[in-house]
Amino acid sequence: MIIEEKLLIERSKPGLRAIRLPKSDVPELRAEDVIPSHLMRQAPPELPEITEVDLARHYTRLSQKNFCVDTHTYPLGSCTMKYNPKINEDFIRSPVIRRVHPYQSEGTIQPLLRMLYDTEEMLKAVSGFPAISMQPAAGAHGELTCLMMFRAWHRDHGGEDRREVLIPDSAHGTNPASAVLCGFKPVEIKSNDRGLVDLEALKSRVSGKTAAMMITNPNTLGLFEEQIVAIARILHEAGALLFMDGANFNAILGRARPHDFGVDAMHMNLHKTFAVPHGGGGPGSGPIGVSAELAPYLPAPVLRRDEDGACRLDYEREKSIGRVRGFYGSVGAILRSYCYLRILGEEGVRRVSDMAVLNANYLRKLVGEVLRIPFDRLCMHEFVAELTAFPNLPERPALQAAKRLLDLGIHPPTTYFPLIVNECWMVEPTETESKEDLEAFAEAIRQIAREAEEEPELLTSAPHTMPVSRLDEVKAAREPRLTWKG
Amino acid sequence: MPYISLTEPEIREMLDRIGVETIDDLFAPIPEQARFTGKLDLPAAASEIEITRELTEAAVRTTTLDRMNSFLGAGAYDHFIPSVIDHLAGRTEFYTAYTPYQPEASQGMLTAIFEYQSMIAALTRMEVSNASLYDGASGLAEAVMMAVSIHRRRKKVVVSAAIHPEYLATIRTYLTNLDTALEVVCTEGGVTDARALAAAVDQDTICVAFQNPNFFGNIEDVVALSRIAREQGALVIASVDPISLGILAPPGEYDADICVGEGQALGGELFFGGPYFGFFAAKMDYIRRIPGRIVGETEDGEGRRGYVLTFQTREQHIRRAKATSNICTNQGIIALRGAIYLACLGPHGIREVGELCLAKSHYAAEKLAAIPGYRLAFDAPFFKEFVLECPKPAAEIACDVWPDGIQPGVALSRWFPEMENHLLVAVTEKKSREEIDALADALARAGAHESGTSARGAGR
C-alpha cells in the first residue's frame, strides 16, 4: 500500500507535544538573568509540534517505503549486504555497553574494555596484522588513517618527498579522495585484459617518489589479484608501502590473510564483512590493521592488556599520528562485530567466505546465460556483468534494467561501477542469500532481457510499483530545495 | 550456521553447475604463496545462550551510568532519551538498508534525512545541512578542511584553545599533511581571549573555529569572536551543543559560515564514545564545498514529490581525487534518532530541556562553590557544565567520592596538567536535586581535610 505521507512540519499544529518533561525541582532561574541578551536565541526554532502518535505513524510509514536486507534481495556489489543477525542488536543494547560514558574510570568498565580488546585480537587473527586500531569511523576514514600513518612513517624514514600513491583504475573513489586529503598525488595504474593490475604498468610507475600503492583485493571486479605477492615485492623494493582496501574482505576470510601476502596496512569494514547493519547509510566502522613497523604511528589511544589482566587505554604514544575522531571509536558498532565473530567461531568464519564465493559463482553462471560477463572465470565474492547487448535499449541500459528490477522486488546491484566496464552491474549476493533467491534474481534478469527486446518502454518507464517513479535529479540540483523551508 | 540457508545437496548442485569439484576449488584464483592454510586463532562458536550469559556476568563487574550518580560530560552527555526513538529508529526497514542509491526504493530514509536536514537547519538557523558526518570532532576537522578549500590563498587556521582537546587533536591530525599553519588562541577567564584572537587573525587567516558553550562549559561572546574573524575576511566556524540552542544564540544568528557539533545529545546513546553523529550546516553559498551526503526535494514524472541524493558531483564516487572530502557515509540511523528527538521535543521542548539544564547546573554550581575549599574556577556565564576548583587534585577527589557511587565530573588534568585541581562538572536535565545534594555532601567530606589550608590549584 502506497500512502502519500505528509512531512512532519505539515502535520505540525501549535500546542501539540510528543513528550512532557518533569517539573524542575530546583529554584527557578530565568535565562535572561544569567546570560547576556545578545548571546541568547532571538526566535524559537521552527521545529514541528506533534504528538507521539503522529511520530509513530510517520516514521513507520516512511519505513515501509524502504527496501532493506530484511525485506528484499539486496546484491549491491562491494557493499556486502549480508543479513544482520538480531542477537547483535540485543547484545549492544546491554547497559554494560550502551550506558557507559567515555570518560568513566577504567576500573568500572573492565568487561567492556575486555570485549574491545578481544575484538582486536579476533581482527588480528583474521587479517594477520599484529596491531589494530578501531578508532576510524568508517571505511574511508580507515583508508585516510592508514595513509596518514604512511606519511608519518616516510617522514621518519627519509621519504618526506615521496608523494605519489599508485591506485588501480578499478579502485573505489574513496581511494584517490583519501590520498589527496593526506597531501599525496594519486597516480592511476591501468588494469590488464584480465582485469588485474598490470605488472608492467606498475613497474613503470614505481619510483623513488612512490609513497604507497592502494590496492583492493579481491578487486572491484571480484577477482583476486593473482600477482599480489609480486606487487608487494615491487613496492617494498622501491621503499614504498602497500595499503589494502578491505571492502571485499568477506571473500577471503580464513582463506588468505592480507598481512601474510605482503600488505602493510588495511582497513576492514565492520558494516560489510562483520555484519554491522548499514543503517541506511551509517554508522559504519573502519578498524585498521597495520604491520609492527607501523604500529607506533597508530592513532591514540591504543588499547592494551597488562600483565595483571586489566585493560587500559594508552594515550602516551610518542609517534602517534594523533586522533582522527573523538573518544575511543564506534563501540556500539564494533561490539556487534564482536558478537558476530563469537557466534560464528573459527568454522563459521570460514563458512562465510566459502558460501559467499559459492553464491557469487553460482549466480555468475546463471546470469552469464543472459548477460555478458566481461571477465568470465572463477570470481570471488562478486562479479561484474555488462548490459550492452540490448539493441532496443540504446540509452543507459544498465540504469533502465536496474529500475525494472525494483518492480520485480529486488534491489538492483551496484550500477556503473567499476568505471572500467561500460554499462555494468556489480553483483554481490553474499553468503546469506538462499539458492531460491539467487535463482529468482536470475529469473528476473531473464524476464528483463526479454522485455528489453519486446517491450523496452516497460524498462525505460520503470519503476511502476514504487511510491514514486523516476525522480528528476537535474531539477534537484538546479533548483535546490534542501530543507522544508525551501 | 544460523545465517546460511544452503543445504549440502544444494551446495553439491551449485558446485556442479559452476563446474568445480569442491569448495576449495573455488579459491584456486588465490595463488599458493598468498593462501592461508592454518586454523584461525578464534574462539569456538558460542550460542546465543552463552553469549547472553557472558553479558549477565559482565554486568556484575560493570558500573553503568544507571548504577551511579554521574556528573560526567566533556562532550558526551547523559540526556533523556524518549522511548519512541528506539521503537522507530529500531525498525529494520531503516537499519538494514544501505545508502539510498536507488531513490525509488529508499523514499523512507531519504524523506527522513530531508527532515533531519530541515530540523538541523531550523535549530542552528543555518541555510543548509548535510545528512551528517561521523562525529563532532571529525565534523569540526571537516569544516576546517572545507574552509581551507574555500580560501586557497590563505595559509593559517585559527582555533580557540577552549574547544574540546580531542577536537583540537583531530584538527591537528587532519592539517598535519597540508601546507597550512594552525594557531591556537589562548583563553582568559575560561573563555577565548578576544584580544589575543584579534592579534592572531589577519589577512592570511582561513577561518576562526570556536566552541559554544566551550569545553569548560562557558558561554563565549560568539558575536564578538565572529566579528573579529569577519573583519579580516576569515570564515567563522562554530561548534555548538545542540541542546543549548533552545536558549543560546544559534550560529545563523551571528552569521557563522559553518556550524558543526556533536549530535549525541539528541537522542543518542553514550556507548563509551560512539557511534555518534556530527551535524554539519553552512551557508548556501558553500553548497558545492560541503562534505558528505545531501538530500534534496524534487518530483517524479507524474509530479509527485520525492527525495534524492543531490549535489553528488562533490562526492568521491564521481569526482574521485577532486572530491570535497573522502566521506561516503553519513551516520544514517543515529542521525535519524536525532531527527526523531527534535520532532519529539519541538520548539518548546528544546527550550525547556535547556532551561532545566541551566537551572540545575546553576543550583549545583552555587551549592558546590559554597563548600569550604571549593570555588568556581571562572566567572563567565555557563550553560550546563562548569569548572569547579577543588582543594586538592580533582582525580583524588573523584577517588574519594567513588565509594558513594558518585562520578563527580571529569578531572581536567587529563588534558591540562596545570589544571590539576579542576573538575569539569556536567548537570543535565536528568539530575535530581537529591543527586546534586549528594554530590555536594560527598565533596564536602572529601575536601574536609584540605579546607582551611591554602591549597589552591595552580593555573587558570
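In the block above lies the structure referred to throughout.
Basis of the calculations
- Residues numbered from 1 in each chain as written.
- Chains lettered and ligands numbered in written order.
- Predicted model: local features only at pLDDT ≥ 70, side-chain atom pairs only at ≥ 80, totals over all residues.
- Heavy atoms only, no water.
- Contact = heavy atoms within 4.5 Å.
- Buried area = accessible area lost by both parts, 1.4 Å probe.
- Salt bridge = Lys/Arg side-chain N within 4 Å of Asp/Glu carboxyl O.
- Polar contact = N/O pair within 3.5 Å; in protein donor to acceptor, adjacent residues only side chain to side chain.
- Axes fitted to C-alpha atoms, helices over the stretch in contact; angles between N-to-C directions.
- Helix = DSSP H or I, 4+ residues; strand = E, 2+ residues; numbered from the N terminus.
- Parallel < 35°, antiparallel > 145°, perpendicular 65-115°, else oblique.
- Left-handed = near helix turned anticlockwise from the far one by under 90°.
- Nonpolar A, V, L, I, M, F, W, Y, C, P; charged D, E, K, R; others polar.
- Buried < 20%, exposed > 50% of the residue type's maximum accessible area, 1.4 Å probe, protein only.
- Arc of directions from axis to C-beta.

Observations concerning the interface of chain A and chain B
- The interface of chain A with chain B comprises 199 residues on the first partner and 189 residues on the second.
- Summing both partners gives a buried area of about 16,900 Å² for chain A against chain B, and 63% of it is carried by carbon and sulfur.
- Linking chain A to chain B there are 19 salt bridges.
- Among the ionic pairs, Lys360 of chain B bridges to Asp25 of chain A, the shortest N-O distance being 3.1 Å.
- Inspection of the region where chain A meets chain B yields 78 residue pairs in polar contact (both at pLDDT 80 or more).

What about the packing of helix α11 (residues 331-368) of chain A against helix α1 (residues 8-18) of chain B?
- For the pair α11 of chain A and α1 of chain B, the least separation of the axes is 9 Å and the interaxial angle reads 50°. Looking at the two axes, α11 of chain A sits oblique to α1 of chain B. The hand of the α11 of chain A/α1 of chain B crossing is left-handed. Packed against α11 of chain A, whose contacting residues are Arg351, Met355, Leu358, Asn359, Asn361, Tyr362, Arg364, Lys365 and Leu366 of chain A, the element α1 of chain B presents Glu8, Ile11, Met14, Leu15, Arg17 and Ile18 of chain B at the interface.
- The class makeup of the residues in the contact of α11 of chain A with α1 of chain B is 8 nonpolar, 2 polar and 5 charged.

Here's the deal with α1 of chain B
- Looking only at α1 of chain B, the buried set comprises Glu10, Ile11, Met14, Leu15 and Ile18 of chain B. For α1 of chain B, the angular spread of the buried residues around the axis is 135°, confining them to a single face.
- Next to the buried residues of α1 of chain B lie α11 and α13 (435-454) of chain A together with α2 (23-26) of chain B.
- One or two residues past the end of α1 of chain B sits Gly19 of chain B, with phi positive at roughly 95°.

Quick word on unusual backbone geometry
Residue and element names in this part refer to chain A.
- Going from Ala300 to Pro301, the amide bond is cis rather than trans, its omega being 0°.
- Locating Pro301 in the fold gives a position in the loop between β7 (288-290) and β8 (302-305).
- Despite not being glycine, Phe327 has its phi angle at roughly 60°, a positive value.
- Tracing the backbone shows Phe327 in the loop between β9 (311-314) and α11.

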